[in-house]
Amino acid sequence: MTQSKRRGFTLIELLVVIAIIAVLISLLLPAVQKVRDTALRINCGNNLKQIGLALHSFHGVNDRFPSGFVSGSATVDGVGTGPGWGWAAYLLPHIEQSNLSQQIDFSKDIRDPAHALARVQSVRTYLCPADSQTNTTFAISGGNPCDVAFANYVAVGGTHEVTDYPDTGNGSIYQGIFLRNSRVRVADIRDGTSNTLAIGERANRRSPMTTWVGAVTGCTVPPINPNYGSEGPPVLVLANTGEAVDGRVPNNALDHVEDSTSLHIHGVNFLFADGSVRPIQNTIKPVIWAALGTRSGGEPIDDW
């Protein structure tokens, strides 16, 4: 009886197979990453759609949108005296978070010991799934120390620095929908609800001190870029576009902690005042970006 020989792979053949597999994987990974990013961007957009429904539900009950945050102050655009609760806190009953809302006494300061548990609660609707931050809370600096829950979504205050102009936005034509103690109605959005930004994204890696809770009284927000000074409580919950000359479009490289940023490829998701959610590309013209941030600026807005 003849015995057949079993022939295995040679080393060269094995290396060729491995090389082919490596090439196929390298070709496949970008497609997989693109699909993954698309899914995360859609989920983030769904969060913003829920927030949009909540905003209009709040408007239906109160005949206005929630304030950017609520706080006293001795002077116009002066330092806030609390309590500081922000727009997202007031929307809790409208996103099926009534139990959390009932833990909050909105007449008492965020820092009040009664809110020790409520202010650190993570709310999934306020977290972008593309931002895989490891810490769900962060420590507030300045004043009495406390921790608050991290979030990824901020309301648009308008053109100018929300720290310096929390009440006025530095003039009515520069105001967005959300400022301190603002009571903006749909009828007040004269630029059109489809042309006015309401809520947008902010990524942890660029602004690690963002929260749904509010503008914590007396806190300071340190800069990412050491060439800038510290910001105040409003940037915890509000964003501003900057003037067109500043070029502070989404995901810009200037590292202002109050800017709009995301981990999505090419752009940032935004909720508009009409309830629609659209991605804004990083390549948007600065003049259009600034115009979208105001509610009554009267600026012409081209297609973008």
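Everything discussed here concerns the structure shown above.
Chemist: Before we move on, can you summarise the overall build of the chain with the specific residues and values?
Modeler: A tally of regular secondary structure across the chain gives four helices and nine strands. Starting at the N terminus and ending at the C terminus, the chain contains elements arranged as α-β-β-α-α-β-β-β-β-β-β-β-α. Each principal axis of the C-alpha atoms in the chain carries an extent, and together these give about 105 × 50 × 40 Å. Out of the 304 residues belonging to the chain, those deemed buried represent 47%. Expressed as a percentage of contacts within the chain between residues at least 6 apart in sequence, the contacts between residues at least 24 apart total 68%. Approximately 14,800 Å² of the chain is accessible, and the part contributed by carbon and sulfur atoms is 56%.

Chemist: Give a description of the pattern of salt bridges that names residues and reports values.
Modeler: Taken as a whole and assessed by the stated rule, the structure comprises six salt bridges. Note that R248 and E161 form a salt bridge whose closest N and O atoms lie 3.4 Å from each other. In this pair, R248 is assigned in the loop between β7 (238-240) and β8 (267-272) and E161 in the loop between β5 (153-158) and β6 (197-201), connecting sequence segments 87 residues apart. One salt bridge connects R185 with D188, and the closest N-O pair in it is separated by 3.2 Å. For R185, a relative accessible area of 37% corresponds to the partly exposed category. One connected set of salt bridges, linked through shared partners, spans E161, R248, E258 and D259.

Chemist: Go over the sheet that holds β8 with me, naming the residues and quoting the values.
Modeler: The five strands lie next to each other as β7-β5-β6-β8-β9, forming an open sheet whose pairing is mixed. The open sheet terminates on both sides in strands that have one partner only, identified here as β7 and β9 (277-281). Averaged over neighbouring strand pairs, the angle between their axes works out to 40° when direction is ignored. Judged from the three bridges that link them, β6 and β8 form a sheet pairing that is antiparallel. Bridging across to β8, G200 finds its partner in F270.

Chemist: Can you explain the pairing of strand β1 (residues 69-73)? Please cite residues and give values.
Modeler: Put simply, side chains in a regular strand alternate between the two faces of the sheet. Examined bridge by bridge, β1 and strand β2 (residues 80-86) share four bridges and lie antiparallel to one another. When the bridges of β2 are listed, F69 appears paired with G86. What sits between the antiparallel neighbours β1 and β2 is a turn of six residues, in which D77 has the positive phi angle 60°.

What counts and how
- Residues numbered from 1 in each chain as written.
- Predicted model: local features only at pLDDT ≥ 70, side-chain atom pairs only at ≥ 80, totals over all residues.
- Heavy atoms only, no water.
- Helix = DSSP H or I, 4+ residues; strand = E, 2+ residues; numbered from the N terminus.
- Buried < 20%, exposed > 50% of the residue type's maximum accessible area, 1.4 Å probe, protein only.
- Contact = heavy atoms within 4.5 Å.
- Areas by Shrake-Rupley, 256 points an atom, 1.4 Å probe, with all protein chains shown as cover.
- Salt bridge = Lys/Arg side-chain N within 4 Å of Asp/Glu carboxyl O.
- Pairing = 2+ DSSP bridges.
- Axes fitted to C-alpha atoms, helices over the stretch in contact; angles between N-to-C directions.

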